[in-house]
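# What the coordinates show
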Amino acid sequence: MRFMKGGVLALTLLALFALLVAPNSSVSTALAQGNPTNSYVLRPSWVFDGFETHEGWFVVVEGDRITEVGPPEEVPVPRGSQDIELEGMTLLPGLIEGHSHILLHPYNETTWTDQVLNESLAQRTARAVVHVRDTLRAGITTMRDLGTEGAGYADVGIKEAIELGVIPGPRLLVTTKAIVATGSYNPKGAPEHFLPKGAEEADGYDDLVRVTRDQIGRGADWVKVYADYRWGPDGTAQPTFTEQELRTIVEVSESSGRRVAAHAVSAEAIRRAVVAGVKTIEHGDSGTPEIWRLMAERDVALCPTLAAGYSILTYSGWRPGVDPDPERIVAKKASFRAALEAGVPICFGGDVGVYSHGTNVVELELMVEYGMTALEALRAATSGNARILELDDQLGAVRPGLLADLIAVDGHPAEDITALRSIRLVMKGGKVYWWPHSGE
Ligand SMILES: [Zn+2]
């Protein structure tokens, strides 16, 4: 059954009004009133199914699931379903961000140290509520958050509030405080002072077992460890934990069914983390050919966080495209390309929070600028991250049986990744959160 165009327009206006007067109420409330079966037929011009683009396919959503996908003549339309016309648009899986910090905001607004030391937990949590809303609005329907950076377990509470429908936001995988070696992490003041740290310190077998289990018990879906940090005598990144300590963290996490993500910039820290059994390497700037080969062999993914380094340099005055590339960018481009050529699985993970939440697409644009095709970047952000985060039985593709996390954008994102800036529809679990397009 098709709604009349006027009906669609009225619903859309109602939905927009609801958004304006009450930011917490979702568009889906208004849409659902005219759609008692909560089923939709999405009619885009193209469907990117997580792997390939198909022209003229329809997608049927019933409840929280995708039930039918294919050419119109092969797709049975459920009675009472609502049409969503998406002409000129590509429908694709909701994007999956692999490396975020919802409890941080851009460092050019407030330095990391000032956020950790001087912002209250209440202020930081309030900001996170806005951050996750902006993230969902940008088409990110699932996100792995890699540490609260001094904000305790606030990520667990934000995740719960999203799941309860109290606030809009993506599905979150959280890590709570993350684990660092004593003495390695910031903030640091005078040596006799004990400043609160941006992560939880732990060392040695007993302590690491206890802290890993404690973070898991308080809600960590993944365990995040800092395998190195900028604590070398000259300020360079040097390994923190021994290989045995990293093995302990992995062993304890894996026995609870959880995976480990390791911050690692230096080649030796990456090597230790990979042989210890972590699933993803965060940053990975100084990988060597041997390291990339090892990661590819063991199917360990790299979250390159290109947008973090890029943003930090712009904060100190670098003008991309105007000034020559700083040394750090030249090196990052080379190491990213080497990892890519070695066949390392590339995660879409930008370290958002260093830069504005909701601008996650910058990472994908840089992945393309630094050597990936738009199609490869789009796969990384959908089916690729679903596989890396072990969610591919539920998310990351447009396929019957999967959760209906779907977005629509203008044009062809598999050919031009900047198309992801034009989000026209956001659906999560079969609920429409954003659909300002009237279909006119
Ligand atoms: Zn990070």
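Because the structure is predicted, anything quoted here is derived from the model rather than measured.

### Details of the overall build of the chain
From N to C terminus, the chain includes 13 helices and 19 strands. For a compact globule of 440 residues, the expected C-alpha radius of gyration is about 22 Å, and the chain comes in at 22 Å, within 12% of that figure. Reported as C-alpha extents along the three principal axes, the dimensions of the chain are approximately 70 × 50 × 45 Å. With 440 residues in all, the chain has 50% of them scored as buried.

### Focus on the packing of helix α8 (residues 267-276) against helix α9 (residues 289-298)
For the pair α8 and α9, interaxial distance at closest approach is 10 Å and the crossing angle is 20°. In terms of axis orientation, α8 runs roughly parallel to α9. In this structure, the crossing between α8 and α9 has a hand that is left-handed. Across the interface between the two elements, A267, I270, R271 and V274 of α8 pack against I291, L294, M295 and R298 of α9. Class assignment of the residues belonging to the contact of α8 with α9 gives a composition of six nonpolar, no polar and two charged.

### Some points on helix α13 (residues 374-388)
Along α13, the sharpest change in direction is near 50° and occurs at A380. Along α13, 13 of the 15 residues are buried, which leaves the element largely enclosed by surrounding structure. One or two residues past the end of α13 sits E390, with phi positive at roughly 60°.

### Focus on the sheet that holds strand β6 (residues 95-100)
In a beta sheet, neighbouring strands are held together by backbone hydrogen bonds and run either parallel or antiparallel to one another. Strand order in the open sheet made by the three strands is β6-β7-β8, with parallel pairing throughout. The open sheet is flanked by β6 and β8 (171-173), the only strands paired with a single partner. When strand polarity is set aside, the average angle formed by the axes of neighbouring strands in this sheet is 20°.

### Digging into the pairing of strand β15 (residues 280-283)
As judged from the four bridges shared by strand β14 (residues 260-264) and β15, these two strands associate in the parallel manner. Note that in β15 the partner of A261 across the bridge is T280. Taken together, β14, α8 and β15 constitute a β-α-β crossover, and its handedness is right-handed. Bridge analysis of β15 against strand β16 (residues 301-303) gives three bridges, and the strand direction is parallel. Paired with E282 across the bridge in β16 is C303. Taken together, β15, α9 and β16 form a β-α-β motif whose crossover is right-handed.

### Quick word on unusual backbone geometry
Of note, the amide linkage connecting N186 to P187 takes the cis form, showing an omega dihedral of -5°. Positionally, P187 belongs in the loop between β9 (179-180) and β10 (200-201). The phi angle at T176 is positive, at roughly 60°, despite the residue not being glycine. At A178, a position not held by glycine, the phi torsion is positive, near 70°. With respect to the helices and strands, A178 occurs in the loop between β8 and β9.

### Remarks on the nonpolar core
Counting 125 residues, the largest nonpolar core has L42, V59, L91, V225, A273, V278 and I281 as its most contacted members. The biggest single contributor to this core is α13, with seven residues. When residues are assigned to domains, this core turns out to be shared by domain 1 (34-94 + 396-438) and domain 2 (98-359), each giving three or more. Setting aside residues no more than four positions away along its own chain, L42 makes contact with F58, V59, V61, I84, L86, L91 and L406.

### Focus on the domain arrangement of the chain
Domain annotation of the chain identifies domain 1 (34-94 + 396-438) and domain 2 (98-359). Measuring from the centre of the C-alpha atoms in domain 1 to the corresponding centre in domain 2 gives 32 Å. Counting residues at the interface gives nine residues for domain 1 and seven residues for domain 2. For the side of domain 1 that touches domain 2, the secondary structure elements donating two or more residues are β18 (423-428) and β19 (431-434). If one sorts the elements of the side of domain 1 that touches domain 2 by residue count, β18 sits on top with three residues. Of the residues assigned to the side of domain 1 that touches domain 2, the class counts are six nonpolar, one polar and two charged.

### Remarks on the environment of P106
Turning to its location among the elements, P106 is positioned in the loop between β6 and α3 (112-118). Along the sequence, P106 and G217 sit 111 residues apart, while their C-alpha atoms lie 30 Å from each other. Those residues in contact with P106, other than ones at most four positions away along the chain, are V354, Y355 and S356.

### Quick notes on the confidence of the model for the chain
Averaged over all residues, the pLDDT of the chain equals 93, while 91% of them reach at least 70. Here residues 1-30 scores under 50 on pLDDT; set against residues more than four positions off or in separate chains, the count is 39 contacts.

### A few points about the environment of S316
The topology assignment puts S316 in the loop between α10 (306-315) and α11 (327-341). Under the C-beta neighbour-count criterion, S316 is labelled exposed, with 8 such atoms within 10 Å. For the pair S316 and S100, spaced 216 residues apart in sequence, the C-alpha to C-alpha distance is 22 Å.

### Section: α9
Within an α-helix, residues lying three or four positions from one another point in the same direction, as the helix has 3.6 residues per turn. Of all the positions in α9, only I291, W292 and M295 are classed as buried. The buried residues of α9 occupy an angular sector of 95° when the element is viewed end-on, so they sit on one face. Every exposed residue of α9 that faces more than 90 degrees away from the buried side is listed here: P289, E290 and E297. Packed against the buried residues of α9 are α8, β15, β16 and α11. Residue D299 follows α9 closely and has a positive phi angle near 55°.

Reading the values: rules and limits
- Residues numbered from 1 in each chain as written.
- Predicted model: local features only at pLDDT ≥ 70, side-chain atom pairs only at ≥ 80, totals over all residues.
- Helix = DSSP H or I, 4+ residues; strand = E, 2+ residues; numbered from the N terminus.
- Rg over C-alpha atoms; globule rule 2.2 N^0.38 Å.
- Buried ≥ 20, exposed ≤ 12 C-beta atoms within 10 Å, placed from the backbone.
- Axes fitted to C-alpha atoms, helices over the stretch in contact; angles between N-to-C directions.
- Parallel < 35°, antiparallel > 145°, perpendicular 65-115°, else oblique.
- Left-handed = near helix turned anticlockwise from the far one by under 90°.
- Contact = placed C-beta atoms within 7 Å.
- Nonpolar A, V, L, I, M, F, W, Y, C, P; charged D, E, K, R; others polar.
- Bend = angle between axes of the 7 residues up to and from the residue.
- Pairing = 2+ DSSP bridges.
- Right-handed = clockwise from strand over helix to strand, strands pointing away.
- Core = buried A, V, L, I, M, F, W, Y, C linked by C-beta atoms within 7 Å.
- Domains from an automatic or database assignment.
- pLDDT = per-residue confidence, 0-100.
- Arc of directions from axis to C-beta.

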